[in-house]
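Observations on the three-dimensional arrangement
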Amino acid sequence: MSGNTQSDSALPQSGTILHVDMDAFFVSVEQIRRPELRGLPLAVGGPGNRGVVASASYEARAYGVHSAMPSGRARQLCPDIVFLPGDHELYSEVSRRIMGILRSFTPLVEPLSVDEAFLDVSGAHRPPVEIGHLIRRQVSSEEGINCAVGVAAVKFLAKLGSKLAKPEPTPSGPSGGAGVFEVPVGEERAFLSPRPVSDIWGVGPVTLGQLNRIGVATIGELAEFPLERLEQIVGKAHGRHLHSLANAVDPRPVVPDTAAKSMSREETFARDLHTHEALGAELVALSDSVASRLRSAGMAGRTVTIKVRFGDFSTITRSHTLASAVDSGVVLAREAKQLLKEVDVAPGVRLIGVGVSELEDSSQRQLALDLEGNEAADPSWHDVDRAIDRIRDRFGSEAIQTGGAADAGPRQTGWNRPN
């Protein structure tokens, strides 16, 4: 039997699954709390002989220390290693904020643990690799933590991609690493073929020994190995699972743990902004992005919120609840700019964000009977937004951009094509 049990046409046609994995998460959080520990070989876990390493810094990893290693063994490999007790309440708090950042890019987020998650960005207008870089920058800017992102058509390859995107450990800290690693669509089998079978989920020491005994050392060899014989050696279900992954077949979708309660986008500036005019322009772009994701998810929201972080890192929010749920970038921008008028921005703003909450299924939304004085429910904007979505779907995310729409009157458009 041929190893290629499915044709290429059965594979997804676009690499829209991301796997985001934090670098040395527990240790990174501790180093933010205690900057004097940066650059030291550090581990979070129990220091005693029966303790276990939960997370190790790259400086410690250079000596061979890794998670799940007995603490005694870690001390043998790296006598200067510093142990810290875990603070899981703090880690969970940081994790919730990071997952919130991920959900600002797509509502389809499936957390695997406190420090990693799958995302489905098929509804986004930006290319997946670009989204990966944006996620890395925002997590770093907001939380001071580095992460790696894998991009592929299926979960298995996205997770392998994030592993390959990580830096290498050295005694002086992490070195290199692409940050974002893409497995291009159509090149999955060529990418996998030379890699060791140990890279496949489910290949532990026992399975690895079984495969090595039959002369299977690479994923390419496993992909071509007769399925019936593989099932006899490692078991029917396990054999079919391994054979599918070796052939880049992984049909599992990204399954969000809960329905999204809100959607938001934020922008951190290289230099503080001090005027309502400059910040208003940013709000227009952010509102358009949030509204686009709402429409992609078939959602609309009633409460508009802006987030303003000043140069000294103090942060405030302002909110307004509309009479009816909306998914229009024009309406969101107008509401956001109105909220911004209440804020004194003269001290300088380093970050601004727009969010929408009280989400509901947009297909169930009913327009207000009396539209007078209720522009949020004006159906003319519905037609404009859908036209914009169709243009972007056909010509790409940059085919049309927001201009002065937030200041336009009803039934006027302010959309400009880029130069």
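No experiment lies behind these values; they were computed from the predicted model shown.

Now for the sheet that holds strand S7 (residues 147-152). Strands sit in the order S5-S6-S1-S7-S10 across an open sheet of 5 strands; the sheet is mixed. If you trace the sheet from one side to the other, it starts and ends with strand S5 (109-113) and strand S10 (180-182), each paired once. Between one strand axis and the next, the sheet turns by 15 degrees as a mean value, whatever way the strands run. Alignment of strand S1 (residues 17-22) against strand S6 (residues 116-120), held across 5 bridges, turns out to be antiparallel. Bridge assignment links Val20 to a residue of S6, and that residue is Ala117. The sheet contacts of helix H4 (residues 88-103) involve S1, S5 and S6, and relative to S5 the element is tilted by about 150 degrees.

Looking now at the layout of surface pockets. Volume-wise, the largest pocket comes out at about 750 Å³. As for the largest pocket, its lining consists of 28 residues, of which Asp21, Arg61, Ser67, Lys163 and Lys166 are closest to the centre. At the level of secondary structure, the elements contributing two or more residues to the lining of the largest pocket comprise S1, helix H1 (25-33), strand S3 (53-56), helix H2 (58-61), helix H6 (155-165) and strand S8 (168-170). At 5 residues, H6 tops the list of elements feeding residues into the lining of the largest pocket. Counted by class, the lining of the largest pocket contains 14 nonpolar, 5 polar and 9 charged residues.

Pairing geometry for strand S12 (residues 299-310) and strand S13 (residues 315-326), over 8 bridges, is antiparallel. By the bridge assignment for S13, Val304 is matched with His320.

Moving on: the pattern of salt bridges. Throughout the structure, instances matching the rule amount to 18 salt bridges. The salt bridge involving Lys159 is made with Glu116; its shortest N-O contact spans 2.8 Å. Pair noted here: Lys159 is in helix H6 and Glu116 is in strand S6, with a separation of 43 residues, a long-range link. A relative accessible area of 23% places Lys159 in the partly exposed class.

Counting 34 residues, the largest nonpolar core has Phe25, Leu119 and Ile135 as its most contacted members. Where this core is concerned, the elements lending two or more residues are S1, H1, strand S2 (42-45), H4, S6, helix H5 (128-143) and S7. Among the elements that take part in this core, H4 stands out by supplying 7 residues, more than any other. If we skip the residues at most four places from it in the chain, Phe25 touches Ser55, Tyr91, Val94, Ser95, Ile98, Val114, Asp115 and Ile145.

The next thing to look at is helix H10 (residues 227-234). Along H10, the residues classified as buried are Leu227, Leu230, Glu231 and Val234. Mapping the buried residues of H10 onto a view down its axis gives an arc of 100 degrees, with all of them on the same face. Where H10 is buried, its residues touch helix H8 (205-213), helix H9 (219-224) and helix H11 (236-246). Of the residues trailing H10, Gly235 is marked for its positive phi of about 105 degrees.

Okay, the packing of aromatic side chains next. As enumerated under the stated definition, the model contains 5 aromatic pairs in all. Aromatic side chains Phe25 and Phe26 sit 5.9 Å apart centroid to centroid with 50 degrees between the ring planes, which places their arrangement in the tilted category. Of the residues examined, Phe25 reaches a relative accessible area of 2% and is grouped as buried. Three or more aromatic residues link up through ring pairs in this structure, and these residues are Phe25, Phe26 and Tyr91.

This part covers the confidence of the model for the protein chain. Summarising the model, the protein chain shows a mean pLDDT of 84, and 82% of its residues fall at 70 or more. Across the protein chain, the element-wise mean pLDDT spans from 32 in strand S16 (residues 415-416) up to 98 in S1. In the model, residues 1-13 has pLDDT below 50 throughout and makes 26 contacts with residues more than four positions away in sequence or in other chains. This stretch, residues 366-377, has a pLDDT under 50; its non-local contacts, to residues over four places away or in other chains, come to 18 contacts.

Glancing now at the sheet that holds strand S14 (residues 349-361). One open sheet accounts for 4 strands, arranged S11-S14-S12-S13; its pairing is antiparallel. Each edge of the open sheet is held by one strand with a lone partner, namely strand S11 (262-273) and S13. The sheet shows a mean angle of 15 degrees between the axes of neighbouring strands, direction not considered. Where S11 lies against S14, 8 bridges are found, and the strand directions are antiparallel. Its bridge partner lying in S14, Met263 is registered against Val356. Each of S11, S12 and S14 touches H5; the most contacted strand, S11, lies at about 70 degrees to it.

Turning our eyes to something else, we now look at unusual backbone geometry. At Ala24, a residue that is not glycine, the phi angle is positive and equals roughly 45 degrees. Along the chain, Ala24 falls in the loop between S1 and H1. Of note in this structure, Glu358 is not a glycine but carries a positive phi near 55 degrees. Structurally, the position occupied by Glu358 is in strand S14.

A word on the packing of H10 against H11. Viewed as axis vectors pointing N to C, H10 and H11 meet at an angle of 130 degrees, and their least axial separation amounts to 7 Å. Looking at the two axes, H10 sits oblique to H11. In terms of crossing hand, the pair formed by H10 and H11 is right-handed. Facing H10, whose interface residues are Leu227, Leu230, Glu231 and Val234, H11 presents Lys236, His238, Gly239, Arg240 and His243. Among the residues making up the contact of H10 with H11, the classes are represented as 3 nonpolar, 3 polar and 3 charged.

Calculation criteria
Residues numbered from 1 in each chain as written. Predicted model: local features only at pLDDT ≥ 70, side-chain atom pairs only at ≥ 80, totals over all residues. Heavy atoms only, no water. Pairing = 2+ DSSP bridges. Helix = DSSP H or I, 4+ residues; strand = E, 2+ residues; numbered from the N terminus. Axes fitted to C-alpha atoms, helices over the stretch in contact; angles between N-to-C directions. Contact = heavy atoms within 4.5 Å. 1 Å grid on protein atoms, 1.4 Å probe; cavity = no way out; pocket = protein on both sides within 12 Å on 5 of 7 lines; lining within 4 Å. Points joined across faces, edges and corners; volume = space filled by probe spheres on them. Nonpolar A, V, L, I, M, F, W, Y, C, P; charged D, E, K, R; others polar. Salt bridge = Lys/Arg side-chain N within 4 Å of Asp/Glu carboxyl O. Buried < 20%, exposed > 50% of the residue type's maximum accessible area, 1.4 Å probe, protein only. Core = buried A, V, L, I, M, F, W, Y, C linked by side-chain atoms within 4.5 Å. Arc of directions from axis to C-beta. Phe/Tyr/Trp six-rings, centres within 6.5 Å; stacked < 30°, edge-to-face > 60°. pLDDT = per-residue confidence, 0-100. Parallel < 35°, antiparallel > 145°, perpendicular 65-115°, else oblique. Left-handed = near helix turned anticlockwise from the far one by under 90°.

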